[in-house]
Amino acid sequence: MDKILHIKTDDTKEFLTEERCHIIELLNNPSDRSSSIARARVEPDVTTAWHRLKDTAEMYYILEGKGLMEIGEDYTQEVSKGDIIKIPENTAQRITNTGVEDLLILCFCLPAFGMENYEGLE
């Protein structure tokens, strides 16, 4: 049986990435690599770096704000609060905050995010 897990979010754990967004790792357990959850914060007028996750699918749930999501060569879509975006594994992606407030995103990765799967494309 899986263990019950209760985690309190600690906003002081937020860090700025080379990707140009702020991240809080909400759930990324070294002993369970099945999935992970992070909160990303993109400041107004910022575009994250083109990147892809090797062998890892990612889903975004937009908590606050609005932006322009780009996936692969052909997908460009305006996104806003309440939207869900699924990004296939091994697919280039970036997002631009087109609003005046921070863009807040819950990022779900399957399997769990690991730096060994991150590939910068710039």
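These notes cover the structure that comes with them. All values reported here derive from a predicted model rather than from experimental measurement.

**Things to note about the pairing of strand β8 (residues 84-87)**
Only one face of β8 is buried: it carries Ile85 and Ile87, and the other face, with Ile84 and Lys86, is open. In terms of strand pairing, strand β5 (residues 57-64) meets β8 through four bridges, oriented antiparallel. Considered in β8, the bridge of Tyr61 is made with Ile84.

**Describing the environment of Gly72**
Inspection of the secondary structure puts Gly72 in the loop between β6 (66-71) and β7 (75-80). Residues in contact with Gly72, not counting those within four places in the same chain, are Trp50, Thr91 and Ala92.

**Side note on the nonpolar core**
In terms of nonpolar packing, the biggest core is built from 16 residues, with Tyr60, Met69, Ile85, Ile95 and Ile105 touching the most fellow members. Going through the elements one at a time, β3 (36-42), β5, β6, β8 and β10 (103-110) are the ones with two or more residues in this core. Other than its neighbours up to four places away in sequence, Ile95 contacts Val42, Val46, Thr47, Thr48, Tyr60, Leu68, Met69, Val79, Leu103 and Ile105.

**Observations regarding the state of the cysteines**
Put plainly, two cysteines are in a disulfide when a covalent bond ties their sulfur atoms together. Throughout the structure, instances matching the rule amount to zero disulfides. Here Cys21 is not cross-linked by a disulfide; its sulfur's nearest cysteine counterpart is in Cys107, at 7.2 Å. Among the residues examined, Cys21 registers a relative accessible area of 3% and is labelled buried.

Reading the values: rules and limits
- Residues numbered from 1 in each chain as written.
- Predicted model: local features only at pLDDT ≥ 70, side-chain atom pairs only at ≥ 80, totals over all residues.
- Heavy atoms only, no water.
- Buried < 20%, exposed > 50% of the residue type's maximum accessible area, 1.4 Å probe, protein only.
- Helix = DSSP H or I, 4+ residues; strand = E, 2+ residues; numbered from the N terminus.
- Pairing = 2+ DSSP bridges.
- Contact = heavy atoms within 4.5 Å.
- Core = buried A, V, L, I, M, F, W, Y, C linked by side-chain atoms within 4.5 Å.
- Disulfide = S-S within 2.5 Å.

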